[in-house]
Amino acid sequence: MTSQEAACFPDIVQSPPQTQKLFLYIRNRLLQLWYENPKVQLTFENALPLIEAPYNSDGPLVMRVHTYLERHGYVNFGIYKRLKPLPAKKFGKVLVIGAGISGLAAARQLQTFGMDVTVLESRDRVGGRVATFRKGSYVADLGAMVVTGLGGNPLTIISKQVNMELHKIKQKCPLYESNGNTSGLSVLVPKEKDEMVEREFNRLLEATSFLSHQMDFNYMQTKPVSLGQALELVIKLQEKQVKEQKCRHVRKIIEMQEDMKSFQNKLIGLKDSILMLQKQYKEANEVKTPRDVTSEFVVKAKQRDLQQAVKDYEELKDKLKDLEGKVTELENNPPSDVYLSSRDRQILDWHFANLEFANATPLSTLSLKHWDQDDDFEFSGHHLTVRNGYSCVPVALSEGLDIKLYTAVRQIRYSHSGVEVVTANTKSQGGNYTYKADAVLVTLPLGVLKQSPPAVTFVPPLPDWKMAAIQRLGFGNLNKVVLCFDRIFWDQTVNLFGHVGSTTASRGELFLFWNLYRAPVLIALVAGEAAQIMENVSDDVIVGRTLAVLKGIFGNNAVPQPKETVVTRWRADPWSRGSYSYVAAGSSGNDYDLLAIPVTPAPVVPGAMPQPNNLPRVFFAGEHTIRNYPATVHGALLSGLREAGRIADQFLGPPYAVPRQTPPVAHQ
């Protein structure tokens with residue numbers, strides 16, 4: 001049982017293992033029935049006969065499990081055919097701020113639970129950061145674009161309910177680099193070189209992980225260390241090691257040369273000794289026979305000394321030759337002068353740019369310790385794109401909801417009696433309008449919550465712990481350049497191709513091109529530092545630079561003028577102020593949890609008795625409120641389902657609660 005299930009079914013937790021197994025069987029069977037046909041409402045009445053005996057014998061338990069799964073968005077979510085009409089009488093009014101995925105998912109749920117829901121949206125469309133450009137046959141996603149695996153992903157259910165044309169992304173990604181020739185043409189990075197640098201990139205990431213998690217190197221002079229800092233530090237250490245290796249190499253050659261000098265001097269001395277011994281041997285040998293014993297001894301001694309000296313000479317000569325060979329070998333095989341050549345560094349920077357794209361921020365801003373805290377929760381399966389445009393999802397989710405477009409929220413007032421939300425019309429300069437409700441669900445992007453001066457004021461102000469988490473967590477930026485052509489001039493068999501930048505500073509500028517759609521459309525990505533810099537450059541200049549990169553790869557005459565172009569500026573967008581959240585240096589996954597906690601009118605004192613009538617009135621959803629799935633569409637969706645369950649449980653009561661035992665009535 002999950003921790004949520006344990007909290008909702010305390011009676012089952014305290015029951016024998018057999019009862020827990022029964023619970024798990026019923027829960028899994030109901031989920032299976034929903035997954036098999038998510039286009040039709042799974043009702044208790046229809047599900048019960050499909051649960052095998054003896055597991056269906058406890059009808060009230062099956063009903064409790066069913067209502068739990070429904071309330072918390074595990075079954076009957078998204079767009080499906082209802083078999084039971086919506087409750088005629090509505091209980092409780094909720095305002096949802098933002099018609100992005102999380103707001104729409106929550107609003108749909110709350111409506112099915114029988115609550116009165118109004119969605120307030122400042123834009124002229126639904127979807128938020130899911131936005132699709134459509135013109136004629138051209139389709140291009142300007143915001144969210146990738147479904148990151150279907151295994152376990154709630155979007156798998158949505159894709160069965162909505163006509164999402166999911167298309168696997170082929171991971172092959174050729175890289176092009178300018179080879180510095182006068183023609184200005186780019187060349188393909190050789191496969192071996194690409195793989196070698198990618199291996200080094202992965203080794204560097206592993207080294208930073210070791211620094212953080214094994215050596216606890218997470219602060220420098222009391223400041224949190226960023227991933228970018230750690231990477232550059234490891235690169236510097238590698239460069240230092242390379243220099244030290246070079247110095248050791250040179251020192252070894254010098255030592256060997258000194259040994260050679262010493263050997264040569266010894267050889268000269270031995271040569272002189274041999275000449276002298278030869279002369280002495282000759283003289284001793286010339287004494288006429290018969291020689292006396294002394295003379296014979298001198299001859300034999302001189303002969304022995306001469307032979308020994310010649311032997312020593314030959315051995316030393318061999319040693320000198322061996323040493324000369326070793327010195328030559330060392331001189332011919334010097335260690336690398338640099339850890340990375342400038343070309344290697346450019347390719348490494350491309351991989352860094354790709355990481356900056358994934359996190360929507362320069363690596364210098366990411367927390368070294370926590371930047372990848374959600375990695376263990378990735379879904380299985382291929383990454384996919386929505387060929388007919390991701391906006392088909394929010395459009396489908398918005399059907400049948402009361403949505404007020406062009407309605408910007410300016411102020412949220414909350415008290416023990418409910419909430420008041422002051423709005424302004426973004427289309428006309430009309431006056432303010434105030435909506436009243438029992439609760440408000442805030443799905444404003446983190447970028448809007450971070451804005452200073454605030455775009456939306458809270459009365460009373462949000463508690464310090466909430467504001468501190470909002471400030472600590474990062475909100476990134478990522479932009480796209482969409483080019484629509486009248487013909488395809490690129491390799492249609494690849495979905496991705498990369499462009500290696502010339503400097504570290506510009507590594508994220510137009511570094512990756514996506515070819516995903518049926519029509520001739522390319523999407524170029526602008527990530528890292530470049531994402532912010534390029535927001536201040538005109539469309540014409542950006543499109544011109546993008547075409548120049550393409551002409552460098554495919555040739556001047558191959559690239560036609562585009563028929564349509566779009567350049568995004570998510571940071572400048574007043575309704576998003578960026579693309580998606582990231583764990584900034586100084587932040588952690590815990591801040592996502594803090595952002596998800598609802599706010600009560602009066603502060604909650606830890607450990608103190610809860611105040612009467614101090615129910616939470618302000619709830620929060622969105623990709624920045626879900627620790628395990630941040631910065632994703634499925635994360636936003638799950639956060640909306642989570643908050644709908646929380647709000648409904650508070651105002652309508654949990655339908656799966658332990659049935660109360662009615663005490664027996666005493667007879668008079």
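Rules used throughout
- Residues numbered from 1 in each chain as written.
- Predicted model: local features only at pLDDT ≥ 70, side-chain atom pairs only at ≥ 80, totals over all residues.
- Heavy atoms only, no water.
- Helix = DSSP H or I, 4+ residues; strand = E, 2+ residues; numbered from the N terminus.
- Rg over C-alpha atoms; globule rule 2.2 N^0.38 Å.
- Buried < 20%, exposed > 50% of the residue type's maximum accessible area, 1.4 Å probe, protein only.
- Contact = heavy atoms within 4.5 Å.
- Areas by Shrake-Rupley, 256 points an atom, 1.4 Å probe, with all protein chains shown as cover.
- Lys, Arg positive; Asp, Glu negative; His and termini not counted.
- Charge placed at Lys NZ, Arg CZ, Asp CG, Glu CD.
- Polar contact = N/O pair within 3.5 Å; in protein donor to acceptor, adjacent residues only side chain to side chain.
- Axes fitted to C-alpha atoms, helices over the stretch in contact; angles between N-to-C directions.
- Parallel < 35°, antiparallel > 145°, perpendicular 65-115°, else oblique.
- Phe/Tyr/Trp six-rings, centres within 6.5 Å; stacked < 30°, edge-to-face > 60°.
- Salt bridge = Lys/Arg side-chain N within 4 Å of Asp/Glu carboxyl O.
- Left-handed = near helix turned anticlockwise from the far one by under 90°.
- Nonpolar A, V, L, I, M, F, W, Y, C, P; charged D, E, K, R; others polar.
- Pairing = 2+ DSSP bridges.
- Core = buried A, V, L, I, M, F, W, Y, C linked by side-chain atoms within 4.5 Å.

1. Re the overall build of the protein chain
Step number 1: A count of helices and strands for the protein chain gives 18 helices and 25 strands.
Step number 2: For 668 residues, the compact-globule estimate of 2.2 N^0.38 gives 26 Å, and the protein chain exceeds it by more than 25% at 37 Å.
Step number 3: Reported as C-alpha extents along the three principal axes, the dimensions of the protein chain are approximately 155 × 75 × 50 Å.
Step number 4: A total of 668 residues make up the protein chain; the buried ones form 49% of that total.
Step number 5: Considering only residue pairs separated by 6 or more positions, the protein chain has 75% of its internal contacts joining residues 24 or more positions apart.
Step number 6: Per element, the accessible surface of the protein chain, about 33300 Å² overall, is 54% carbon and sulfur.
Step number 7: For the protein chain, the centre of its 76 positive side-chain charges and the centre of its 68 negative side-chain charges are spaced 4 Å apart.

2. Details of the side chain of E5
Step number 1: Structurally, the position occupied by E5 is in helix α1 (residues 3-8).
Step number 2: A distance of 2.9 Å separates a polar side-chain atom of E5 from the backbone nitrogen of T2.
Step number 3: Separated by 2.8 Å, the side chains of E5 and R27 make a polar contact.
Step number 4: Beyond its immediate sequence surroundings of up to four residues, E5 is in contact with F23, R27 and Y68.

3. What about the packing of helix α8 (residues 191-213) against helix α9 (residues 227-285)?
Step number 1: Taken N-terminus to C-terminus, the directions of α8 and α9 make an angle of 110°; their axes are 9 Å apart at the nearest point. If you check the angle between α8 and α9, you find them roughly perpendicular. Listed contacts from α9 to E200, R203, L204, L205, A207, T208 and L211 of α8 are L227, A230, L231, V234, I235 and Q238.

4. With respect to the packing of aromatic side chains
The way to describe two aromatic rings as a pair is by their centre distance and the angle between their planes.
Step number 1: Within this structure, the stated rule accounts for 23 aromatic pairs.
Step number 2: With 4.7 Å between their ring centres and 75° between their planes, Y433 and Y435 make a pair best called edge-to-face.
Step number 3: Residues F497 and F554 carry aromatic rings whose centres are separated by 5.5 Å and whose planes lie at 90° to one another, so their mutual orientation is edge-to-face. One end of the pair, F497, is in strand β20 (residues 496-499); the other, F554, is in helix α16 (residues 539-554), and 57 residues separate them in sequence.
Step number 4: Under the relative-accessibility criterion, F497 is labelled buried at 2%.

5. Quick notes on the pattern of salt bridges
Step number 1: Scanning all chains against the criterion turns up 31 salt bridges.
Step number 2: Salt-bridge contacts for R304 lead to D305; the nearest nitrogen and oxygen are separated by 3.4 Å.
Step number 3: Here D305 falls in the partly exposed class, since its relative accessible area comes to 29%.
Step number 4: Of the charged contacts, one joins D349 and R345 as a salt bridge, the two residues approaching to 3.1 Å between their closest N and O atoms.

6. Some remarks on unusual backbone geometry
Step number 1: The step from S452 to P453 runs through a cis peptide bond, and the omega angle for that step is -5°.
Step number 2: With respect to the helices, strands and loops of the structure, P453 is situated in the loop between α13 (446-449) and β17 (457-459).
Step number 3: Going from V459 to P460, the amide bond is cis rather than trans, its omega being -5°.
Step number 4: For P460, the position within the fold is in the loop between β17 and α14 (464-472).
Step number 5: For D216, which is not a glycine, the phi torsion comes out positive at approximately 55°.
Step number 6: Inspection of the secondary structure assignment puts D216 in the loop between α8 and β9 (219-220).
Step number 7: Residue classification places D216 among the exposed positions, given a relative accessible area of 57%.
Step number 8: One non-glycine residue, Y406, adopts positive backbone phi at about 55°.
Step number 9: On the secondary structure map, Y406 appears in the loop between β12 (403-404) and β13 (407-415).

7. Focus: the packing of α9 against helix α10 (residues 293-332)
Step number 1: At their nearest, the axes of α9 and α10 sit 8 Å apart, and the two run at 160° to each other. Relative to α10, the element α9 is oriented roughly antiparallel. Here α9 runs over α10; the crossing is left-handed.
Step number 2: Its residues assigned to classes, the contact of α9 with α10 shows 21 nonpolar, seven polar and twelve charged.

8. A look at the sheet that holds strand β19 (residues 479-484)
Whenever strands of a sheet pair, they do so through backbone hydrogen bonds, lying parallel or antiparallel.
Step number 1: On the basis of which strands lie adjacent, the open sheet formed by seven strands has the order β8-β7-β20-β21-β22-β19-β23 and mixed pairing. The strands lining the two open edges of the sheet, one partner per strand, are β8 (186-188) and β23 (564-567). When the angles between neighbouring strand axes are averaged without regard to direction, this sheet yields 25°.
Step number 2: As paired strands, strand β21 (residues 509-514) and strand β22 (residues 521-526) are joined by four bridges and run antiparallel to one another.

9. Considerations on the sheet that holds β17
Step number 1: The four strands lie next to each other as β15-β14-β13-β17, forming an open sheet whose pairing is mixed. The open sheet has two edge strands, β15 (433-437) and β17, and neither has a second partner. The mean inter-strand angle of the sheet, taken between neighbouring strand axes irrespective of direction, is 20°.
Step number 2: Sheet topology note: the β13/β17 ladder contains three bridges and is parallel. Across the sheet, Q411 pairs through a bridge with T457, a residue of β17.

10. A few points about the nonpolar core
Step number 1: Among the nonpolar cores identified, the biggest contains 65 residues, and L110, M164 and Y390 are the most heavily contacted of them.
Step number 2: When residues no more than four places from it in sequence are discounted, the contact partners of Y390 are V130, T132, D141, A144, M145, V146, V147, L155, M164 and V633.

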